[in-house]
Amino acid sequence: MLLTITTTMDQATDLGFLLHKHPDRVQRFEQSFGTAHVFYPDADERRCTAALLLDVDPVKLVRTRGRGTPDFSLGQYVNDRPYAASSLLASAMANVFRTAMRGRCDLRPELAESAIPLEIVLPALPCRGGPGQAERFFAPLGWDVFAVPVSLDPEFAEWGDSRYVTLTLTGTLRLADALNQLYVLLPVLDDAKHYWLAPDEVDKLIRAGEGWLAAHPDRGAITRRYLANRRGLVRTALGRLADTEDAPEEELDPVQVEEEPTPTEDEPQKEKTVSLAEHRLRSVMQALRDENARRVIDLGCGSGKLLSLLAKDDFFSEISGTDVSHRALSHAWRRLRWDGRPRREGDRVRDVFQGALTYADERFGGYEAAVLMEVIEHIDPPRLGAVERVVFGHAAPRVVIVTTPNAEHNVRYEGLAPDAMRHSDHRFEWTRAEFRAWADRVAAAHGYRVRHLPVGDDDPEVGAPTQMGVFTR
């Protein structure tokens, strides 16, 4: 099976830096099911193509399969797996292009963060649902999609088309994003995997889907197919996706994993479940009301979920938000339908701006309350002291609200590997005792009192999934 990646960017051979594979070399990588080869059939400064050729060994493949894996009944050695791009190719990509998929390039860091022109070709891709399904999954990600059905036999047109397509994707994206999208969507389009789903499969999906899957209009279908419709894993994955900053506002509503029959008149209506993200937003809003804090700044506002709710609530008279990520602020501006102009008469939004919480900033001051909702766990521990001084010492609002995951509750997430964190960007996750110790120390050092509140269902053994500290000066 074959995958080619072509770019026409300036100094096109810099694709070799991004992939960590030199254009002048042919490289070979042994896999548990065969051998992967990386080579460059075309490499000059104007156009460069990298090819990943996977040579599947049927005997090795059989040894890695069990009776629960796809196609077992079709034959041990004769099937389409060696020829059609599938989870085998995705696994090879993860092994061969691991560093590229993480977006790391020490020699060209600015290039790794840049969107570049790309053309990706897969000559034979199993696509359950046909060309329209490929369009449906790839087009929302910014790709121009050209999917051509592969006929069963060109000599016998009346036989019709096979379930395979030749797929060509063109677009301008970060290479890391493109590779991660392929890693997820190849087995999704095939709707099958060659291996047993281990408990860490949800982690793989969340990690590879970071930055694009939560906002995808078909995230539910993609998640179900990727996780082979295993209900517990799907619910965990959709819950974690709903908890990310990239999820659109409608993601606050619970996603139905399976269609439930409409209850009859004799059957009670099931109570609507509330996602953890909505629990957290409601808890923060209620804490602000309890403290009669009407002028609020959201420190680490992300895509603006909390800001949009504050802006719609007449209780709050003035709100602002800041985040270090310009991309997140773009989402916030769109959500608020606010273009960054100076505040207008009657507009509750005072400012939404880029800023880092590790540096004192006059714009952080002048508010009754500051909110750090799911922020501190994204900060490297050695820099947390600087954030404490900036927020509690320099800005010093009357109220500070901090929420963060409760690490003890992670055992309740099916599919989350032991000792794993809920998000790949988390630098730490604290137990309840650790958070309480940190909060008590910070409060004492800066003249605050702090009360601790659970957010979400409070499990009697491991506590609520989110913990909240309400600091009052």
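Please read all numbers here as calculations on a predicted model, not as lab measurements.

What is the right way to read the overall build of the protein from this model?
Looking only at helices and strands, the protein has 15 helices and 14 strands in total. The buried share of the protein, taken over its 473 residues, is 52%. Taking all contacts inside the protein whose residues are at least 6 apart in sequence as the whole, residues at least 24 apart take part in 71%. Summed over its atoms, the accessible surface of the protein is roughly 22500 Å², and 50% of this surface lies on carbon and sulfur atoms.

Looking at this structure, how should I read the sheet that holds strand β10 (residues 349–354)?
Sheet strands associate in pairs through backbone hydrogen bonding, adopting either a parallel or an antiparallel arrangement. One open sheet accounts for 7 strands, arranged β10-β9-β8-β11-β12-β14-β13; its pairing is mixed. Two strands close off the open sheet at either side, each with one partner strand: β10 and β13 (449–455). Between one strand axis and the next, the sheet turns by 15° as a mean value, whatever way the strands run. Sheet topology note: the strand β8 (residues 295–299)/strand β9 (residues 318–323) ladder contains 5 bridges and is parallel. Among the inter-strand pairings, I297 is bridged to a residue of β9, identified as S320.

Help me understand the sheet that holds strand β6 (residues 144–151), please; the structure alone is not making it clear to me.
Pairing in this open sheet of 7 strands is antiparallel, and the strands run β2-β3-β4-β1-β5-β7-β6 from one edge to the other. Every other strand in the sheet has two partners, leaving β2 (27–31) and β6 as the edge strands with one partner each. Within this sheet the neighbouring strands show an average axis-to-axis angle of 15°, counted without direction. Helix α3 (residues 87–96) contacts β1 (2–7), β2, β3 (34–43), β4 (48–56) and β5 (116–126) of the sheet and is inclined by roughly 120° relative to β4. Lying on the sheet, helix α7 (residues 175–190) is in contact with β1, β5 and β7 (161–173); it crosses β5 at an angle near 15°.

Got a minute to help me understand helix α10 (residues 231–242) in this structure?
Residues lying three or four places apart along an α-helix face the same way, a consequence of the helix completing one turn every 3.6 residues. The terminal C-alpha atoms of α10, which comprises 12 residues, lie 16 Å apart, in line with the 16 Å expected from a rise of 1.5 Å per residue. Against the buried residues of α10 lie α8 (201–208), α9 (219–226), α11 (276–290) and α12 (305–312).

Where do I start with the environment of Q467 in this structure?
Note that Q467 resides in strand β14 (residues 466–472). For the pair Q467 and R280, spaced 187 residues apart in sequence, the C-alpha to C-alpha distance is 9.3 Å. When near neighbours in sequence (up to four residues on either side) are disregarded, Q467 contacts V402, T403, T404, P405, N406, W430, T431, R432, F435 and L453. Polar contacts involving the side chain of Q467 include one to the main-chain carbonyl oxygen of P405, which spans 3.1 Å. Here the side chain of Q467 touches W430 through a polar contact of 3.1 Å, landing on its backbone oxygen.

What is the right way to look at a nonpolar patch on the surface in this model?
On the surface, L152, F156 and W159 cluster together into a nonpolar patch covering about 330 Å² of accessible area. Along the chain, W159 turns up in the loop between β6 and β7.

I'm lost on the pairing of β14 in this one. Help?
Every other side chain in a regular strand lies on the same face of the sheet, so the side chains alternate between the two faces. When you tally the buried positions in β14, you get 7 out of 7 residues, the bulk of the element. Neither face of β14 is exposed, since T466, M468, V470 and T472 on one face and Q467, G469 and F471 on the opposite face are all buried. Alignment of β13 against β14, held across 7 bridges, turns out to be antiparallel. Each bridged residue has a counterpart across the sheet, and for P454 the counterpart in β14 is Q467.

What is the right way to read the nonpolar core from this model?
Considering soluble globular proteins, one finds that nonpolar side chains tend to be buried as a cluster. Ranked by size, the top nonpolar core spans 73 residues in total, and within it W143, L167 and V184 carry the most contacts. Examining the composition of this core, we find that 10 residues originate from one element, α7, more than from any other. In this structure, W143 is in contact with L118, I120, F138, L169, T170, G171, L173, A178 and Q181, ignoring residues within four places of it in sequence. By size, the runner-up hydrophobic cluster in this structure holds 28 residues, among which are A370, I376, V387 and V442.

About the cut-offs
- Residues numbered from 1 in each chain as written.
- Predicted model: local features only at pLDDT ≥ 70, side-chain atom pairs only at ≥ 80, totals over all residues.
- Heavy atoms only, no water.
- Helix = DSSP H or I, 4+ residues; strand = E, 2+ residues; numbered from the N terminus.
- Buried < 20%, exposed > 50% of the residue type's maximum accessible area, 1.4 Å probe, protein only.
- Contact = heavy atoms within 4.5 Å.
- Areas by Shrake-Rupley, 256 points an atom, 1.4 Å probe, with all protein chains shown as cover.
- Pairing = 2+ DSSP bridges.
- Axes fitted to C-alpha atoms, helices over the stretch in contact; angles between N-to-C directions.
- Expected span 1.5 Å × (residues − 1).
- Polar contact = N/O pair within 3.5 Å; in protein donor to acceptor, adjacent residues only side chain to side chain.
- Patch = residues over 30% accessible without salt bridge, like charges linked within 9 Å, V, L, I, M, F, W, Y side chains within 5 Å.
- Salt bridge = Lys/Arg side-chain N within 4 Å of Asp/Glu carboxyl O.
- Core = buried A, V, L, I, M, F, W, Y, C linked by side-chain atoms within 4.5 Å.

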